[in-house]
Amino acid sequence: MIQEFIETRAYSEKLCKPLQTEDFVIQPVEFVSPTKWHLAHTTWFFEVFILTQFKTDYKLYHKDYPYLFNSYYEAKGDRVSRAHRGNLSRPTVDEIFQYRTYVTKALKELLSSSEEKELLNLVEIGIHHEKQHQELLLMDIKYCFGHHPLHPVYDSNFDEKSSEDATQNWLSIKEGLYKIGHQGDGFCYDNETERHQVFLQDFEISKRLVNNGEFLQFMEDGGYKDPLLWHAEAWDWLQNENIEHPLYWHKSEGTWKEFKLSGLNPLDLKENLSHVSYYEAAAFAQWKGCRLPTEFEWEVAQVQFSWGKRWEWTESAYLPYPNYKKAPGALGEYNGKFMVNQKVLRGGSAFTSNNHTRKTYRNFFHPYMRWQQNGVRLAK
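The shown structure was predicted, so the numbers you read here are calculated from the model rather than taken from an experiment.

Asker: Help me get a handle on the domain arrangement of the protein chain, residues and values and all.
Answerer: Here the domain parsing of the protein chain yields domain 1 (1-147) and domain 2 (170-375). Spacing between the C-alpha centres of domain 1 and domain 2 amounts to 27 Å. Buried area between domain 1 and domain 2, both sides added, is near 2600 Å², and the carbon and sulfur share of it is 66%. At the junction of domain 1 with domain 2, the criterion picks out zero salt bridges. Linking domain 1 with domain 2 are 17 residue pairs in polar contact (both at pLDDT 80 or more), by the criterion used here. Put simply, the parts of the chain that give the side of domain 1 that touches domain 2 at least two residues each are α2 (35-54) and α5 (117-146). Considering each element in turn, the side of domain 1 that touches domain 2 owes the most residues, 18 residues, to α5.

What follows is the structure, given as structure tokens:
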């Protein structure tokens, strides 16, 4: 546990190595958080949920930090609104790194002196919470750099796991009852439980993700202009936001380019599509005469295809499983409070940290969001 904690803390800081100081503080839109805030918030989690509870005579690093770096935990008191995180020029970046050192040292000492089960469970949640924010940190950096007029490079060698075999093969799954949800002693979030049965009808699911070339055909066939392909809410979104192509696609002198953390380069038609909303994914599926898989179909079929390159949109609403129980207290706010008006995504992405995702992991976003590295797998 100590080793995984140390490695996780170090990896967050490694992700910041390519950044300049000015990059740590920008927040171009409300849903993007500054890098500095991610570093502080993950530290706040360990401090407020663990050190103040388990470490005798623990002294807060700074009395104002619980207010500055709480995210959405109502039970933990007041906080700076999400839209104003970019206004926090103080504390400085250096001070935040000092805060991280202080808390990391204190938690290492605590883990060295106690093996209490509740403590270890909370530290494990804290580790995976930080891994979630490592992915968010990369998503947010990409959004900031992708909307910079010069499209700066984060890391020219960053691999966004872009391609796979272009052959279109379909898996056939038979009608029947299937077990869904986490089992075993490994870590999972509460929204992956309780394990339960679902009935599925016969279906087919693609062994590969949709690629850029296929989506470009959809665009060139007038996909963004055909209201018959879109949900009513999605069509309103298209018109209001002037959406005509995936996020990070740019057309210059008649040529499509795509921005990645490695820079702005010509669009590779064989690479996996990414950064589209559920609305776009569903419209594309309609155009192809297919549909998106449900999260249960995805989970049943996943043993027969490669996944983890993109978070994959499903047709499933984010809802509690039968007999779902929220954790008591503030930790109960981690997942349960978001089970409304969101769609489930399955899999993982090039931004996901090691040893974090699994076949039962349920990610979730509003259907219009597309700054997360998502993709599309078809079903029928």
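Right, picking up where we left off after that structure.
Asker: Tell me about the pattern of salt bridges, and please be specific about residues and values.
Answerer: Pairing is possible between side chains that carry opposite charge, provided their charged atoms lie close to one another. One pass over the structure, following the stated rule, counts 20 salt bridges. Note that glutamate 295 and arginine 362 form a salt bridge whose closest N and O atoms lie 2.9 Å from each other. Of this pair, glutamate 295 sits in helix α9 (residues 295-301) while arginine 362 sits in the loop between β9 (343-347) and β10 (363-365), placing them 67 residues apart in sequence. As a salt-bridge pair, lysine 343 and glutamate 315 come within 3.2 Å of each other at their nearest N and O atoms. Taken together, the residues span a long stretch of sequence, with lysine 343 in strand β9 and glutamate 315 in strand β8 (residues 311-317) at a distance of 28 residues. A relative accessible area of 16% means that lysine 343 is categorised as buried. Several salt bridges share partner residues, and in doing so they unite Arg9, Glu13, Arg100 and Glu130 into one network.

Asker: Give me the lowdown on the nonpolar core, citing residues and values where you can.
Answerer: Ile50, Phe69, Leu107, Tyr154, Phe215, Phe218 and Trp230 are the most contacted members of the largest nonpolar core, which totals 91 residues. Here this core gathers at least three residues from each of two domains, domain 1 (1-147) and domain 2 (170-375). If near-sequence neighbours (up to four positions away) are discounted, phenylalanine 69 is found in contact with Trp37, Ala40, His41, Trp44, Leu88, Pro91 and Ile96. If you look at the next biggest cluster of nonpolar residues, it comprises twelve residues, including Ile180, Val300, Ala301 and Phe305.

Asker: Tell me about the sheet that holds β10, and please be specific about residues and values.
Answerer: The four strands are arranged β10-β9-β8-β11 in an open sheet whose pairing can be described as mixed. Single-partner strands in this sheet number two, and they are β10 and β11 (374-375). As paired strands, β8 and β9 are joined by four bridges and run antiparallel to one another. Note that in β9 the partner of tryptophan 313 across the bridge is leucine 345.

Asker: Residue-level account of the packing of aromatic side chains, with values.
Answerer: Scanning the entire structure with this criterion turns up 46 aromatic pairs. Ring centres of phenylalanine 31 and tyrosine 143 lie 5.3 Å apart, and the angle between their planes is 75°; this geometry places the pair in the edge-to-face category. Here phenylalanine 31, found in the loop between α1 (2-15) and α2, pairs with tyrosine 143, found in helix α5; they are 112 residues apart in sequence, far enough to count as distant. Taking the ring centre of phenylalanine 305 as reference, the NZ or CZ of arginine 377 above it sits at 3.7 Å.

The rules behind these values
- Residues numbered from 1 in each chain as written.
- Predicted model: local features only at pLDDT ≥ 70, side-chain atom pairs only at ≥ 80, totals over all residues.
- Heavy atoms only, no water.
- Domains from an automatic or database assignment.
- Buried area = accessible area lost by both parts, 1.4 Å probe.
- Salt bridge = Lys/Arg side-chain N within 4 Å of Asp/Glu carboxyl O.
- Polar contact = N/O pair within 3.5 Å; in protein donor to acceptor, adjacent residues only side chain to side chain.
- Helix = DSSP H or I, 4+ residues; strand = E, 2+ residues; numbered from the N terminus.
- Buried < 20%, exposed > 50% of the residue type's maximum accessible area, 1.4 Å probe, protein only.
- Core = buried A, V, L, I, M, F, W, Y, C linked by side-chain atoms within 4.5 Å.
- Contact = heavy atoms within 4.5 Å.
- Pairing = 2+ DSSP bridges.
- Phe/Tyr/Trp six-rings, centres within 6.5 Å; stacked < 30°, edge-to-face > 60°.
- Lys NZ or Arg CZ within 6 Å of the ring centre and 35° of its normal.

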